[in-house]
Structures are given as C-alpha cells and as structure tokens.
Amino acid sequence: MTAPRKLFIKTYGCQMNVYDSERMAEALGASGYVTTERPEEADMILLNTCHIREKASEKVFSELGRLKPLKAANPDLKIGVAGCVAQAEGAEILRRAPLVDLVVGPQTYHRLPAMEAEIRKGNRALDTDFPTEDKFDNLPKTRAKRGPTAFLTVQEGCDKFCAFCVVPYTRGAEVSRPATRLLAEARDLADRGVREITLLGQNVNAYHGAGPDGDWSLARLIRGLARIDGLARIRYTTSHPNDMTDDLIEAHGLEPKLMPYLHLPVQSGSDRILKAMNRKHTADQYLGLIDRLRAARPDLLLSGDFIVGFPGESDADFEATMDLVRAVGYGQAYSFKYSARPGTPAADRPQLSAAVLDERLQRLQALLSEQQRAAQEAMVGHEVGVLFEKPGRMPGQMVGKSDHLHAVHVAGADLQPGAIRRVRITGSASHSLAGALA
Ligand code: 5AD
Ligand code: SF4
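Residues numbered from 1 in each chain as written. Chains lettered and ligands numbered in written order. Predicted model: local features only at pLDDT ≥ 70, side-chain atom pairs only at ≥ 80, totals over all residues. Heavy atoms only, no water.

Asker: Even after reading the chapter, I still don't get the overall build of the protein, so can you show me in this structure?
Answerer: When its secondary structure is counted, the protein shows 14 helices and 21 strands. Taken along the three principal axes of its C-alpha coordinates, the protein extends 60 × 60 × 50 Å. Among the 438 residues that make up the protein, the fraction classed as buried is 53%. In the protein, of all internal contacts separated by at least 6 residues, the share reaching a separation of at least 24 is 71%. Roughly 19200 Å² of accessible area belongs to the protein as shown, and the carbon and sulfur atoms make up 53% of that amount. (Helix = DSSP H or I, 4+ residues; strand = E, 2+ residues; numbered from the N terminus. Buried < 20%, exposed > 50% of the residue type's maximum accessible area, 1.4 Å probe, protein only. Contact = heavy atoms within 4.5 Å. Areas by Shrake-Rupley, 256 points an atom, 1.4 Å probe, with all protein chains shown as cover.)

See the structure below:
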C-alpha cells in the first residue's frame with residue numbers, strides 16, 4: 001500500500017472559510033489525502049483565501065511567491081488557490097502565478113477529487129462556477145470522531161449589497177440549505193462527539209430553509225436542533241440587524257441551549273453613514289433592537305463589527321459611532337479601516353486620508369478594548385458554564401469556552417474534552433479568564 005498523500009491547507013478570513021477548509025480536507029480525503037500541519041512535507045498546498053478587505057489578491061500572490069522554494073524542492077507538489085480570491089481572480093491567478101495548479105471557488109470544491117486527478121496528469125484546473133447542484137450534497141461522508149465544537153454552514157451568500165462589501169459578488173446570492181438536511185448533519189455531528197454547534201452564514205439570520213413542515217426560520221431551526229440529545233450548545237453568526245426577527249429575539253430568552261452571545265454588526269453609529277452604506281436601518285433602530293435582546297436575555301454578551309473612515313465620514317459621524325459603542329457596551333468587537341473594494345459602489349467615492357483612518361481606528365479600538373476588559377472583569381466572582389476543549393499549557397490545566405465565549409482555564413481539572421461544568425470565575429487576564437470548578 002502506498003503512503004497517503006499529505007495536504008496542507010492555510011485558511012484566511014472568516015469562520016465560513018474554516019468550515020470550507022474542513023470540507024475540502026474531507027473531499028480530498030476520499031482521494032487518499034491526510035492533512036498535515038507542516039507545509040514542507042505536503043504533497044498538496046491549498047490556500048483558502050479571503051477577499052473581504054485590503055489588498056487581498058496581492059497578499060495571495062506574495063504568499064504564492066513564498067511557496068516557490070517548496071515547489072523547487074518537490075516538483076510533485078501541487079498548489080491550489082481556493083476561496084473568495086479564487087472566485088474573484090479566477091484565470092488571472094493561473095496567468096500570473098505559473099506555480100499554481102488549481103483554482104477552485106467556494107461553490108465548487110466538491111469537485112476537488114476530479115480536479116486533483118486532472119492536475120496529477122500534469123494539467124491545470126480552474127472551476128469558479130456557481131453550479132446548480134448543491135456542493136454539500138456531493139461531498140463524501142465521513143464517520144471520523146470530532147472535537148467538542150463544530151461549525152455548520154446553514155446559509156451562504158448575501159443579497160444585502162452593503163456599499164463597501166464584496167460578499168454579494170464573491171459568494172453570490174443568498175441561499176439557505178434545507179432544514180431537514182441540517183438536522184441530519186447536526187445529529188451526525190452529535191453522534192461523532194460534537195457538543196456545540198455554531199451555525200454559519202454570511203447573513204445567518206436571513207436563513208429560511210425547507211423543514212419537515214414547511215419553511216423554517218433560523219429560530220425554528222435552533223428549536224429543532226435543541227432537541228438533539230448530546231448537543232448542548234448552539235450559537236450562530238453573522239447576523240444583520242434587519243433580519244433579527246421577533247421569534248429569534250424570543251429564542252434568546254426561551255431556548256437554554258442557545259448561548260448568551262451575539263455578534264450583531266452595526267458598522268457605524270451615524271445615520272448618514274448607515275444610509276450611505278446601504279444598511280437600511282438607523283442607529284436608534286439598532287439600539288432599540290439591543291434593548292429588546294437584552295430584555296429577552298439580560299446576560300447577553302454583544303459583539304460587533306465597525307468600519308471607520310467610510311467615504312464621507314465626518315468627525316461628527318465618527319463621534320456618533322463612539323457614542324453608539326458607549327451606549328451598547330460591547331463584550332467583544334472587530335473594527336476595521338475602510339478599504340475600497342474594486343467593483344463595490346463605495347470604491348468610486350472620494351476616500352478619506354490614511355491619517356484620519358489611523359487616528360479614528362486607534363480611538364475606537366481603545367474604547368472597544370476597554371469595554372472588552374470590563375466585560376471580562378464583570379465575570380469575576382460569577383458562575384458560568386464551560387465546555388472544555390483541550391489541555392492547557394500548565395500540567396493538569398484544561399481550557400474551554402464559557403457560555404459567553406470567553407476562553408477559561410481551570411487548574412487541576414480532571415476532565416475530558418467535551419465535558420461541560422459550572423465554573424466559578426476567579427480572575428481575568430488579557431485574553432482569558434481563570435476559574436475553578438464550582
Ligand atoms: N472595508 C473595511 N471593512 C470591511 N468589512 C467588509 N467589507 C469591508 C471593507 N470594504 C468588514 C465589515 C464586516 C466584516 C466582516 O468586515 O465590518 O462586517
Ligand atoms: Fe457584506 Fe453587508 Fe452582506 Fe454583511 S450584510 S455580507 S457586510 S453585503
């Protein structure tokens with residue numbers, strides 16, 4: 001028997017790419033590949049790319065440049081580009097980077113085994129279709145044991161067309177997967193050891209998929225998933241404020257398996273900028289939504305995304321964002337300098353200077369870090385649920401995630417990964433909490 005070929009995947013960007021990378025590894029598993037953490041021993045290297053911000057394509061080309069010595073050392077090494085840069089650049093990648101053997105978009109990676117056979121013959125392969133068949137229905141099944149947490153993509157693409165964003169172009173129109181399929185997949189994950197599932201979608205709360213008794217919303221899907229034995233925790237990301245329906249808000253109060261953490265990006269606190277971004281809601285509407293969510297689930301920890309320096313953003317607009325952040329009190333957040341993405345409406349508008357973007361990002365991040373620190377410190381003295389995932393760096397230590405998604409480490413915990421325990425939080429460090437079994 002020949003030794004299995006080795007596959008190294010480097011994943012950029014969002015959790016949906018993490019999910020896709022796992023599926024690509026499974027797809028190539030059927031062609032005899034096992035994954036490796038070491039690129040230098042790989043027979044195939046896949047870059048699963050992200051196109052959301054900055055000079056994404058240029059970064060991919062320079063990363064490809066860095067792979068040249070590996071290809072020189074092993075002429076049989078195959079190199080592929082997957083994900084959103086592959087979708088956006090397509091044949092341009094094959095033209096500019098002669099060492100690339102394969103380019104595959106986010107909707108066609110179920111065809112990887114056939115593409116792999118093609119490139120082993122010495123040909124190059126390119127597939128960036130939006131196919132009619134569902135890639136998830138066409139991926140090989142595996143029974144391999146899983147860790148305690150898993151992602152499950154329930155919805156892909158986006159119809160919102162925020163003026164800054166490439167997603168509607170790279171990932172295409174909003175498509176939801178059938179709820180019946182998702183229930184079956186979630187049951188299978190639970191059977192394989194998964195205790196927490198994070199439902200993924202670019203606009204996950206726009207989810208509407210065929211269930212056993214008609215169309216299911218995300219809230220209905222969460223209720224269905226909550227009935228699965230062994231599955232203890234459910235999360236979902238990323239949401240749009242305009243799709244935060246009554247039943248979903250209610251679910252945060254009624255469904256104990258739905259964890260008290262919500263990533264709900266607002267991008268800006270200025271109505272003028274929100275309008276220019278095509279967000280179709282105001283700052284007050286967002287704040288009203290937060291009030292309703294907190295009424296349903298008072299300990300809800302909120303996370304958000306912010307863009308500073310969107311074209312036309314004045315000092316007053318930026319201050320409105322700072323005010324909104326102060327009004328909400330985020331437990332966690334991501335903030336970015338606006339980056340013009342070719343092909344999006346805002347890319348052609350007059351841009352602000354780099355100095356303004358730097359200064360605003362620094363001020364916003366200082367405020368958000370302060371809020372994150374305060375949210376962590378507020379946990380000290382309280383009891384939370386923790387799902388333990390792996391041993392920590394210290395002997396006898398276990399680390400896991402709290403209900404609120406804080407990393408928690410517990411010393412002298414004689415526990416297996418997958419165990420869920422009540423933990424009393426005893427201290428807060430920069431990016432984690434310390435606790436003791438309650
Ligand atoms: N510039 C800066 N940030 C962006 N995001 C999306 N597109 C851009 C862009 N062109 C941010 C948004 C989004 C997150 C995933 O990335 O905040 O919510
Ligand atoms: Fe991009 Fe806006 Fe769609 Fe989110 S909602 S994926 S930011 S277009």
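From this point on, the discussion continues.
Asker: Would you take a moment to explain the pattern of salt bridges for this structure?
Answerer: Where charged atoms of side chains with opposite charge meet at close range, the side chains can pair. This model, assessed by the stated rule, comprises 39 salt bridges. Among the ionic pairs, aspartate 315 bridges to arginine 360, the shortest N-O distance being 2.8 Å. One end of the pair, aspartate 315, is in helix 13 (residues 315-328); the other, arginine 360, is in helix 14 (residues 354-377), and 45 residues separate them in sequence. When its relative accessible area of 5% is taken as the criterion, arginine 360 is described as buried. Across the salt bridge formed by arginine 326 and aspartate 323, the nearest N and O atoms sit 2.9 Å from each other. (Salt bridge = Lys/Arg side-chain N within 4 Å of Asp/Glu carboxyl O.)

Asker: Sorry, what's going on with the packing of helix 13 against helix 14 here?
Answerer: Pairs of packed helices are described in terms of their axes, by the angle between the two and the distance that separates them. Packing of helix 13 against helix 14 leaves a shortest axis separation of 10 Å and a crossing angle of 5°. The angle between helix 13 and helix 14 places the two elements in the roughly parallel class. On the side of helix 13, the interface is formed by Asp315, Phe318, Glu319, Thr321, Met322, Val325 and Arg326, while helix 14 contributes Arg360, Arg363, Leu364, Leu367, Leu368 and Gln371. (Axes fitted to C-alpha atoms, helices over the stretch in contact; angles between N-to-C directions. Parallel < 35°, antiparallel > 145°, perpendicular 65-115°, else oblique.)

Asker: Got a minute to help me understand the site of ligand 2 in this structure?
Answerer: Close to ligand 2 lie Cys158, Lys160, Phe161, Cys162, Phe164, Cys165, Val167, Pro168, Asn203, His240 and Arg279. Class assignment of the residues belonging to the shell around ligand 2 gives a composition of 7 nonpolar, 2 polar and 2 charged. (Near = heavy atom within 4 Å. Nonpolar A, V, L, I, M, F, W, Y, C, P; charged D, E, K, R; others polar.)

Asker: Looking at this model, I keep getting lost on the domain arrangement of the protein. Mind explaining?
Answerer: When the parts of a complex come together, some accessible area is lost, and that lost area is often used as the size of the interface. By domain assignment, the protein separates into domain 1 (5-127), domain 2 (143-259), domain 3 (285-378) and domain 4 (383-437). Inter-centroid distance (C-alpha atoms) of domain 1 to domain 4 is 36 Å. (Domains from an automatic or database assignment.)

Asker: Where do I start with the nonpolar core in this structure?
Answerer: One recurring pattern in soluble globular proteins is that nonpolar side chains are buried together. Counting 77 residues, the largest nonpolar core has Leu199, Leu221, Tyr236 and Tyr330 as its most contacted members. Among the nonpolar cores identified, the runner-up in size contains 20 residues, and Phe8, Ile45, Ile79 and Leu94 belong to it. (Core = buried A, V, L, I, M, F, W, Y, C linked by side-chain atoms within 4.5 Å.)

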